[in-house]
Amino acid sequence: LSPSPRLSPLFTPLFSFILLLSLRYVVGGNEPGRLVSGSLDSFVRSLGARTPAPGGGAASAAIAAMGAGLSAMAGWLTYGKRKYESLDPTLRIVLPPLDSAMKALLPLVDDDSTAYEAYMAAMALPKSTAEEKLTRAAAMDEAIRGAIAVPMTIMRTADQCWASMLQLATCCNFNCRSDLQVGAKSLETGIFGAYQNVMINLPSIDDEEYRSKVSEEADIMLKRSSEFCKEVLDKVAQRTS
């Protein structure tokens with residue numbers, strides 16, 4: 001069937017915006033997104049391409065996921081080993097948060113790019129009339145909030161890993177200490193990158209209360225990441241076995 005001739009000229013851009021906004025929430029589901037399900041080679045090349053997305057937000061999610069994954073690996077290569085068997089009850093508590101964070105961070109790689117696409121779709125909405133300007137402004141505000149929500153989720157998810165990593169720093173398989181060190185720095189870098197993506201978008205929001213609340217929470221998580229990463233590295237460095 002052909003489209004009704006009475007459809008508003010706003011239909012196409014509005015439909016595109018609504019579709020992209022919906023996808024932002026769908027991508028975070030069980031199905032892997034385009035970037036996550038592709039090869040590492042393809043992802044890195046897409047980061048280096050002459051396109052704005054994927055960008056720093058997607059990279060931050062990927063780096064944070066690697067940090068959680070490396071830390072989980074250090075735990076798994078300790079669990080069940082005769083030398084460390086007394087730690088098995090502790091590791092059964094320490095490992096699940098790292099595994100869960102790793103899996104939760106991966107879809108955010110695609111979520112970040114989808115949020116950017118939603119913002120661009122909102123930018124493309126017509127603005128000739130007063131009504132169109134209001135519609136566009138509301139759509140842009142919603143899209144910007146989505147572009148902030150994704151990196152905030154990256155930060156919150158990664159932030160949940162520190163307790164487990166601090167525990168592993170004191171007891172994980174000594175041969176895996178470099179993996180845990182890389183994991184800690186990767187998690188810190190992922191949080192740093194997500195923080196920068198929050199801060200670059202936050203000034204576009206007019207709601208001062210929202211800006212203040214988000215900024216305060218992000219600042220706390222950034223500070224925690226720096227402190228906890230240093231603590232993990234210091235604990236590992238102090239070990240001799």
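Structure: see above.
What counts and what doesn't
Residues numbered from 1 in each chain as written. Predicted model: local features only at pLDDT ≥ 70, side-chain atom pairs only at ≥ 80, totals over all residues. Heavy atoms only, no water. Helix = DSSP H or I, 4+ residues; strand = E, 2+ residues; numbered from the N terminus. Buried < 20%, exposed > 50% of the residue type's maximum accessible area, 1.4 Å probe, protein only. Contact = heavy atoms within 4.5 Å. Areas by Shrake-Rupley, 256 points an atom, 1.4 Å probe, with all protein chains shown as cover. Phe/Tyr/Trp six-rings, centres within 6.5 Å; stacked < 30°, edge-to-face > 60°. Lys NZ or Arg CZ within 6 Å of the ring centre and 35° of its normal. Salt bridge = Lys/Arg side-chain N within 4 Å of Asp/Glu carboxyl O. Expected span 1.5 Å × (residues − 1). Patch = residues over 30% accessible without salt bridge, like charges linked within 9 Å, V, L, I, M, F, W, Y side chains within 5 Å. Polar contact = N/O pair within 3.5 Å; in protein donor to acceptor, adjacent residues only side chain to side chain.

Participant: Go over the overall build of the protein chain, please, and point to the residues and values.
Facilitator: The number of helices and strands found in the protein chain is nine helices and zero strands. Here the protein chain holds 241 residues, and the buried ones make up 44% of them. Sequence-distant contacts, at least 24 apart, represent 79% of the contacts inside the protein chain between residues at least 6 apart. Total accessible area on the protein chain is roughly 13100 Å²; 58% of this is exposed by carbon and sulfur atoms.

Participant: Please provide a residue-by-residue account of the side chain of Ser 113, values included.
Facilitator: Mapping Ser 113 onto the fold places it in helix α5 (residues 88-123). In this structure, Ser 113 is in contact with Leu 35, Ala 53, Pro 54 and Ala 58, ignoring residues within four places of it in sequence.

Participant: Residues and numbers for the packing of aromatic side chains, please.
Facilitator: In total, this model carries two aromatic pairs according to the counting rule given. Seen in terms of ring centroids, Trp 76 and Tyr 79 are 6.0 Å apart; in terms of plane orientation they differ by 85 degrees. Their pairing is edge-to-face. Arranged with centres 6.2 Å apart and planes meeting at 40 degrees, the rings of Trp 162 and Phe 228 form a pair that is tilted. Residue Trp 162 is found in helix α7 (residues 162-171), and its partner Phe 228 is found in helix α9 (residues 208-238); the two are separated by 66 residues along the sequence. Here Trp 162 matches Phe 228 in class, with each residue buried. The cationic tip of Arg 145 hangs over the ring face of Tyr 210; the distance from NZ or CZ to the ring centre is 4.4 Å. Just above the ring of Phe 174 sits the side chain of Arg 177; from NZ or CZ to the centre is 3.8 Å.

Participant: Kindly report on the pattern of salt bridges, identifying the contributing residues and their values.
Facilitator: Under the criterion given, the structure shown has ten salt bridges. Notably, a salt bridge pairs Arg 224 with Asp 159, separated by 3.0 Å at the nearest N-O pair. Pair noted here: Arg 224 is in helix α9 and Asp 159 is in helix α6 (residues 130-159), with a separation of 65 residues, a long-range link. Note that Lys 235 and Glu 231 form a salt bridge whose closest N and O atoms lie 3.9 Å from each other. With Lys 235 and Glu 231 both in helix α9 and four residues apart, the pair spans about one turn of that helix. You can call Lys 235 partly exposed: its relative accessible area is 28%.

Participant: How would you explain α9 if you had to name every residue and give the values?
Facilitator: Relative to the 45 Å expected for 31 residues at 1.5 Å per residue, α9 spans 45 Å between its end C-alpha atoms, a close match to the ideal helical length. Taken together, the buried positions of α9 are Tyr 210, Val 214, Ala 218, Met 221, Ser 225, Phe 228, Cys 229, Val 232 and Val 236. In this fold, the buried residues of α9 make contact with α6, α7 and α8 (177-201).

Participant: Please set out a nonpolar patch on the surface residue by residue, giving values where relevant.
Facilitator: The grouping of Leu 40, Val 44 and Met 66 at the surface amounts to a nonpolar patch, some 300 Å² of accessible area in total. Secondary-structure assignment places Val 44 in helix α3 (residues 40-47).

Participant: A description of the side chain of Ser 46 should follow, citing residues and the corresponding values.
Facilitator: Here Ser 46 lies in helix α3. Ser 46 gets classed as buried once you look at its relative accessible area, which sits at 17%. Within the structure, the side chain of Ser 46 is placed 2.6 Å from the backbone oxygen of Phe 43, a separation counted as a polar contact. Filtering out sequence-adjacent residues up to four positions away, Ser 46 remains in contact with Leu 35, Thr 51 and Pro 54.

Geometric descriptors of this kind do not, in isolation, establish any biological role.
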